[in-house]
Amino acid sequence: MKIESTHSLASHITGRLQRLRPIAIPVLTVVILVLAWTAISHLVGEVSYAEITAALAGTPPQALAIALGCTALSFAALTIYDRGALDFVGKRVPAATVALTSFCAYAVGNTVGFGPLTAGAIRYRFYTPYGLEPDAVARVVAFVTLAFGLGLAGTTALGLLLAADDLAMLPLSPATLRLIGAGMAATLIALCAAAGPGRTVRFFGAAPRLPSWRIMARQFGATFIDISASGAVLWALLPADGIGLPAFIAIYAVAVGLGVVSHVPAGLGIFETVIVAALGGQLPMDRILGALILYRLIYHLVPLVLAVLVIAGLELGKAARTPPMSALLRAGHRLAPPLIGGFTLVLGALLVFSGMTPASNDALEALGANIPLPLVEGAHFLGSVLGMMLLIVARGLVYRLDGAWWLAIVIVPISAVLALFKALALGEVLLLLALFAALLASRRAFSRQASLLHQAMTPGWLATMAVLLVTAIALLLFVYKDVEYTHALWWQFELSSEAPRSLRALVGIVLTAGFGAWWMLIRPVNTATAQPDREALARACRIVAAQPRVDAGLVAMGDKFLLFSDDGRAFIMYGRQGRSWVALSDPVGPRECWPELVWRFAEMARHAGGRAVFYQVAPESLGLYADTGLMAFKLGEEARLHLPSFELKGGKRANLRSALNRAEREGLQFEIVAPDGLGACMAELAAVSDAWLAHHKVREKRFSLGAFSPDYVGRQPVALLRQEGRIVAFTTLLLTDLREECSIDLMRFAPDAPNGTMEILLLRLILHFKDAGYACFNLGMAPLSGLSTSAAAPIWHRVGRTVFEHGERFYNFSGLRAFKAKFQPEWQARYLAVAGGINPMLALADITVLISGGLKGVIGK
């Protein structure tokens, strides 16, 4: 009892800390960003907004052309990352689809880069349907991330070595800078040499397999081209007589690295601070700021717009049915939600920032001559508010909500009209029209029936809202720093009064963001977890009877909570232990009901301060869990026999034939008793079960295993073995009305039963259901089997493999696998879907307690 109380107290404290996380992350982000914008405001000095606009207008066309060309070169180099990563893990994906995925992933990740909008999350969603197991996708993401990090370090090292004399603005001597660069270069060269042909190395207890030096050299070349080209985008936009390219690339690489480390979306503010601080003493500040704005537009916005247009074009080109085009169409359909959602977020931010800046003098003159002042004022205010609403809508689009799609279809054209009325902003209008076209073309991708207002706000989205608000305030303070604040500004309504208009727009933005965040954080969510009543249990059993999966029959135990779909055709059965909300297997019911159930369950768990866990899920449904931000970890393998092809002939099954012959000699009689005939033998079954538990010194399990209960046992047929009329072994059967799959649950035998009794009972069942026309016999899970034995395997595999080989004290993992392997089944992987970090280990500990019926069950078996 003391152990369970301590565990409960720890879970309570952890849960309270978890509830603070959605607030802590945005607060930390805001603090970092405020410091960055404060530093920039001190560095820019007396530079005015008008000077920056003049610098933007004075940028030479050839500089813009060079910047666009370098952007294309950088993104072309990025596609090599994925190709090298796939070669490293030994997987093949069509080249065109790899290029599309890489381009779209970086277009979104570079510009937004958090939660489901990171390049890694998009890769995970895309590559899983191509046969890559989750561990392989994780290795792809790790390879790409590490390659970028090492390439960034190598590029910085080269810049320091080649251009140390041009970095006089840094507080270090050229000799020191060269020494740092040489050390970094030597480290990278040593790493390439250690890799050799691709050997495994020991590192702090881990044993990762390094790529071969050829792959590493190719990746470094791609990263060098990528960083050099992306840095050249900004360098080309700066004054021509400023700083040399090698020196600038070194500064640029440091700025990019710090932006990534800060975890602020797109490194906004952090990247700019480093560039301004490094170049402020050498170049005109207005030209630096103008170049940074153009850099964000050219390197971040232009690729995102192109990616959205490509996806829209693919969605409209469904008539082309050649194999390569079909693969691209499938890829485009999967990429549409995160891509269009990211584009919507960026345009929402653009509208917000536009509301903080004045219109040009030419636009004001045209508006004053043709548009009434109240319409200009209203368009400015409402356009900014709709921009913040687009941020909230963007989250729904990423998660494929049909409600978010309909709201975007309404907001986007209205925002385009308002952009004309407030400032004749033709650029904004064109971008909004491109988004509108993409939404129409990708309608099928937004099929999730759910309310936008009933979605939980995650820390990443809260942080993004905070970043936008802080940046909008910083922009307002900078643009109108020469305007003295007075209370009268709120009531000034004149065409030339730009500061009051922006001030009122800021209030609207803050109120909209505050209300949206408040509603999604405190809205009531149905987290009732009462045990199902008889009516709910009967409804669940009716759903199970119409499904091919028989393991869902465990719902009849009545020990699990139930979450039904809105139409009542499907459900999730789950348990709670500590902070873990554990769904047993995939949802049960028609597959079209699964996505919404998975989302509802995940958000219900998160709102309650818990972690959503899906236990023993099939590989073909992993994409559903990836959409909710969960990762997959292999649990083991399920043994399945194809009954039509099962035969006892051949040398490999000689032992099974011998077992049947021995059973006949020992007088073991097989029979299946229907539920209505179990009353006569229920007491004898209970006696066998009790004797089995006492002999093995174990307790009844629960959750993913059945327990002996007359009500539960009496729901399905029971297979028996009798010897001289006495029951010596039995197993409960899991069947459905479809008669496609069959399986077993409880298996109990008397202590004095003949050796091999359970093997004989299983064999009799297999032959019986083969003759009855069933397609599959499910032998159940072999936990922790099938995990990689490689020294370079992920830590999850290595820990699981160690437990599998040396965990006999707690469970006979290898023995169970060997027993089921006698029947030569097909092995299918089963996974645990949960958030990353240490969550898999914590979830598995909670699942162990859940199955064992408490900590006493774990300790005492």
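Residues numbered from 1 in each chain as written. Predicted model: local features only at pLDDT ≥ 70, side-chain atom pairs only at ≥ 80, totals over all residues. Heavy atoms only, no water.

Overview of the overall build of the protein chain
Thought 1: Helices and strands together make up the secondary structure of the protein chain, namely 29 helices and 11 strands.
Thought 2: Across the 861 residues of the protein chain, 53% fall into the buried class.
Thought 3: Summarising the internal contacts of the protein chain: among those between residues at least 6 apart in sequence, 75% fall at separations of at least 24.
Thought 4: Of the roughly 36600 Å² that the protein chain leaves accessible, carbon and sulfur atoms contribute 65%. (Helix = DSSP H or I, 4+ residues; strand = E, 2+ residues; numbered from the N terminus. Buried < 20%, exposed > 50% of the residue type's maximum accessible area, 1.4 Å probe, protein only. Contact = heavy atoms within 4.5 Å. Areas by Shrake-Rupley, 256 points an atom, 1.4 Å probe, with all protein chains shown as cover.)

A few points about the pairing of strand β1 (residues 561-564)
Thought 1: Because side chains alternate across β1, one face comprises the buried residues F561 and L563, and the other comprises L562 and F564, equally buried.
Thought 2: Sheet analysis places β1 next to strand β2 (residues 571-577), joined by four bridges and oriented antiparallel. Residue L563 lies in a different strand from β2, and its bridge partner there is I572.
Thought 3: Where β1 folds back on β2, the antiparallel hairpin that results is connected by six residues, among which G568 adopts a positive phi of roughly 75°. (Pairing = 2+ DSSP bridges.)

Considerations on the confidence of the model for the protein chain
Thought 1: In the predicted model, the protein chain carries a mean pLDDT of 79, and the fraction of residues at 70 or more is 82%.
Thought 2: Counted against residues more than four places away or in other chains, residues 1-13, with its pLDDT under 50, gives 11 contacts.
Thought 3: Throughout residues 804-810 the model reports pLDDT below 50, and contacts reaching past four residues in sequence, or to other chains, amount to 10 contacts. (pLDDT = per-residue confidence, 0-100.)

What to know about the sheet that holds strand β5 (residues 631-642)
Thought 1: With respect to topology, 11 strands assemble into an open sheet ordered β1-β2-β3-β4-β11-β5-β10-β9-β8-β7-β6, the strand pairing being mixed. In this open sheet, the two strands that pair with only one neighbour each are β1 and β6 (668-673). Each strand axis lies, on average, 30° off the axis of its neighbour in the sheet, ignoring direction.
Thought 2: The pairing of β6 with strand β7 (residues 718-723) spans six bridges and is classified as antiparallel. Bridge pairing in β7 places F670 opposite L721.
Thought 3: Against the sheet, helix α19 (residues 534-545) touches β1 and β2, its axis set at about 65° to β1.
Thought 4: Across the sheet, helix α28 (residues 839-852) is in contact with β2, β3 (580-584), β4 (611-617), β5 and β11 (826-834); its angle to β4 comes to roughly 70°. (Axes fitted to C-alpha atoms, helices over the stretch in contact; angles between N-to-C directions.)

Examining the packing of aromatic side chains
Thought 1: Evaluated as defined, the whole model comprises 20 aromatic pairs.
Thought 2: Seen in terms of ring centroids, F271 and Y295 are 5.4 Å apart; in terms of plane orientation they differ by 20°. Their pairing is stacked. Of this pair, F271 sits in helix α10 (residues 270-279) while Y295 sits in helix α11 (residues 285-316), and the two are 24 residues apart along the sequence.
Thought 3: Aromatic side chains Y574 and F601 sit 5.1 Å apart centroid to centroid with 65° between the ring planes, which places their arrangement in the edge-to-face category. Highlighted residues: Y574 in strand β2 and F601 in helix α20 (residues 594-607), separated in sequence by 27 residues. The same class applies to Y574 as to F601, namely buried.
Thought 4: Grouped by ring-pair contacts, the aromatic residues F75, F103, F248, Y252, F271, Y295 and Y299 constitute a single cluster.
Thought 5: The residue whose ring lies beneath R443 is W405, and the NZ or CZ to ring-centre distance is 4.3 Å.
Thought 6: When the ring centre of F564 is taken as reference, the NZ or CZ atom of R539 above it lies at 3.9 Å. (Phe/Tyr/Trp six-rings, centres within 6.5 Å; stacked < 30°, edge-to-face > 60°. Lys NZ or Arg CZ within 6 Å of the ring centre and 35° of its normal.)

A word on empty space enclosed by the protein
With a probe scaled to a water molecule rolled over the atoms, the places where space remains empty come into view.
Thought 1: Tallying each qualifying case throughout the model produces one cavity of 30 Å³ or more.
Thought 2: The computed volume of the largest cavity comes to approximately 30 Å³.
Thought 3: Secondary-structure elements contributing two or more residues to the lining of the largest cavity are α2 (49-57) and α11.
Thought 4: In terms of residue count, α11 provides more of the lining of the largest cavity than any other element does, four residues in total. (1 Å grid on protein atoms, 1.4 Å probe; cavity = no way out; pocket = protein on both sides within 12 Å on 5 of 7 lines; lining within 4 Å. Points joined across faces, edges and corners; volume = space filled by probe spheres on them.)

Here's the deal with unusual backbone geometry
Thought 1: Although it is not a glycine, R739 adopts a positive phi angle of roughly 55°.
Thought 2: Looking at the element boundaries, R739 is found in the loop between β8 (726-734) and β9 (741-749).
Thought 3: Its identity as a non-glycine residue notwithstanding, Q824 has a phi of 55°, on the positive side.
Thought 4: Summarising the element assignment, Q824 is placed in the loop between α27 (813-821) and β11.

Considerations on the packing of helix α14 (residues 373-398) against helix α15 (residues 402-423)
When two helices pack together, their arrangement is given by the angle between the helix axes and the distance between those axes.
Thought 1: Packing of α14 against α15 brings their axes to within 9 Å, and their N-to-C directions diverge by 150°. Our classification of the angle between α14 and α15 gives roughly antiparallel. The chirality of how α14 crosses α15 is left-handed. For the pair α14 and α15, contact is made by L375, V376, A379, H380, L382, G383, L386, M389, L390, V393, G396 and L397 and by A404, W405, L407, A408, I411, V412, I414, S415, L418, F421 and K422, respectively.
Thought 2: Among the residues making up the contact of α14 with α15, the classes are represented as 18 nonpolar, four polar and one charged. (Parallel < 35°, antiparallel > 145°, perpendicular 65-115°, else oblique. Left-handed = near helix turned anticlockwise from the far one by under 90°. Nonpolar A, V, L, I, M, F, W, Y, C, P; charged D, E, K, R; others polar.)

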